[in-house]
Amino acid sequence: MKNICAMSGSLRTGSSNHTILRYLSELMPAGINYVIYDGLANIPAFDPGLDNDDPPPPVSDLRDKIAKSDAIVICTPEYAFGVPGALKNALDWTVSSGSLSGKPLALITASTSGQYAHEGMIKTLGALDAQFNDETTLLIPFIRTKIDAEGNINDEIAGKLRDILKALLSSL
Ligand SMILES: Cc1cc2nc3c(=O)[nH]c(=O)nc-3n(C[C@H](O)[C@H](O)[C@H](O)COP(=O)(O)O)c2cc1C
């Protein structure tokens, strides 16, 4: 059994990014335990003074979940031309722990535009030594036009999501 931890950069109820992560759960083959992390809102603001082996419990929980995962999926919107603060904050807590180092990772940026967040995430994840490539990164602009009110993802994006998942699974 392999474990995949998925994380959304949006905390919004009805989030398109959550919809994408739920769609991916439907595609998981047997033998994959896929869990969507729901603790992002509980992560305290990054404090280098508390960044040690005994950090605040929500941070330990996040580090544990990443450590126990064989791969990670991050799906995020862009806010104010950058990575959402809550997501970037969580990633900052993983710098010293090295939790993402060598970890196969798929990055999906699903936003109105998303280019700056996507580029920022690629830089940050590179610094964290996560393992990703062109096949496991996907920028989906105009996301709200690609998911209908019932949460159905259009065929083009569904196909791209199947491809990115296939690429991620092939690295396990
Ligand atoms: C405060 C705020 C700032 C935003 N800034 C951007 C932005 O800079 N670039 C962008 O592509 N979308 C921006 N958006 C739009 C989001 O991409 C859009 O709301 C997206 O659907 C959010 O993802 P979600 O549906 O998963 O919550 C912004 C939205 C909010 C609420």
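Residues numbered from 1 in each chain as written. Predicted model: local features only at pLDDT ≥ 70, side-chain atom pairs only at ≥ 80, totals over all residues. Heavy atoms only, no water.

**A word on the packing of aromatic side chains**
Here comes step 1: Taken as a whole and assessed by the stated rule, the structure comprises two aromatic pairs.
Here comes step 2: Taken together, a centroid distance of 5.0 Å and an interplanar angle of 80 degrees make the contact between Phe46 and Trp93 edge-to-face. Remark: Trp93 occurs in the loop between helix H3 (85-92) and strand E4 (105-110) and Phe46 occurs in the loop between strand E2 (32-36) and helix H2 (57-67); sequence separation between them is 47 residues.
Here comes step 3: With a relative accessible area of 29%, Phe46 lands in the partly exposed category.
Here comes step 4: Ring plane angle 85 degrees and centroid distance 5.5 Å describe the contact between Phe81 and Tyr116, whose orientation is recorded as edge-to-face. Pair noted here: Phe81 is in the loop between strand E3 (71-76) and H3 and Tyr116 is in helix H4 (residues 115-127), with a separation of 35 residues, a long-range link. (Phe/Tyr/Trp six-rings, centres within 6.5 Å; stacked < 30°, edge-to-face > 60°. Helix = DSSP H or I, 4+ residues; strand = E, 2+ residues; numbered from the N terminus. Buried < 20%, exposed > 50% of the residue type's maximum accessible area, 1.4 Å probe, protein only.)

**Describing the nonpolar core**
Here comes step 1: Grouped together as the largest cluster of nonpolar side chains are 26 residues, with contacts concentrated most on Ile20, Leu24, Val73, Ile108, Ile140 and Leu161.
Here comes step 2: Put simply, the parts of the chain that give this core at least two residues each are strand E1 (2-8), helix H1 (16-27), E2, E3, E4, strand E5 (137-140) and helix H5 (155-170).
Here comes step 3: Considering every element that reaches this core, the biggest residue donor is H5, with six residues.
Here comes step 4: Discounting residues that sit within four places of it in the chain, Val73 has contacts with Ile4, Cys5, Ala6, Met7, Leu21, Leu24, Ala106, Ile108 and Leu168.
Here comes step 5: Among the nonpolar cores identified, the runner-up in size contains 21 residues, and Leu40, Ile74, Trp93 and Leu105 belong to it. (Core = buried A, V, L, I, M, F, W, Y, C linked by side-chain atoms within 4.5 Å. Contact = heavy atoms within 4.5 Å.)

**Some words on H5**
Here comes step 1: When the terminal C-alpha atoms of H5 are compared, their 22 Å separation across 16 residues agrees well with the 22 Å that a helix rising 1.5 Å per residue should span.
Here comes step 2: The complete set of buried residues in H5 reads Ile157, Ala158, Gly159, Leu161, Ile164, Leu165, Ala167 and Leu168.
Here comes step 3: Buried residues in H5 make contact with E1, H1, E3, E4 and E5.
Here comes step 4: Where H5 begins, one side-chain oxygen reaches toward the backbone nitrogen of Glu156, 3.2 Å away; that side chain belongs to Asn154. (Expected span 1.5 Å × (residues − 1). Polar contact = N/O pair within 3.5 Å; in protein donor to acceptor, adjacent residues only side chain to side chain.)

**Here's the deal with the environment of Thr94**
Here comes step 1: With respect to the helices and strands, Thr94 occurs in the loop between H3 and E4.
Here comes step 2: Residues Thr94 and Leu128 lie 34 residues apart in sequence; the distance between their C-alpha atoms is 7.7 Å.
Here comes step 3: In this view, Thr94 contacts Leu62, Ile66, Ser99, Leu100 and Leu128; residues no more than four positions away in its chain are not counted.

**Thoughts on the pattern of salt bridges**
Here comes step 1: This structure, assessed with the given rule, holds four salt bridges.
Here comes step 2: Here Lys65 makes a salt bridge to Asp61, at a shortest N to O gap of 2.8 Å. Here Lys65 pairs with Asp61, and both are found in helix H2, just four residues apart, close to one helical turn.
Here comes step 3: Judged by its relative accessible area of 31%, Asp61 is partly exposed.
Here comes step 4: For Glu156, the salt bridge identified is with Lys160, shortest N-O distance 3.3 Å. In this pair, Glu156 and Lys160 are both assigned in helix H5, four residues apart and thus about one turn of the helix distant. (Salt bridge = Lys/Arg side-chain N within 4 Å of Asp/Glu carboxyl O.)

**Quick word on the sheet that holds E5**
Here comes step 1: Reading across from one edge, E2-E1-E3-E4-E5 is the order of the five strands in this open sheet, with parallel pairing throughout. With partners counted over all chains shown, the strands left at the sheet margins are E2 and E5, one partner each. Each strand axis lies, on average, 15 degrees off the axis of its neighbour in the sheet, ignoring direction.
Here comes step 2: As paired elements, E1 and E2 share five bridges and run parallel to each other. Among the inter-strand pairings, Asn3 is bridged to a residue of E2, identified as Asn33.
Here comes step 3: On the sheet, H1 packs against E1, E2, E3, E4 and E5 and is oriented at approximately 145 degrees with respect to E3. (Pairing = 2+ DSSP bridges. Axes fitted to C-alpha atoms, helices over the stretch in contact; angles between N-to-C directions.)

So yeah, pure geometry; function would need other evidence.
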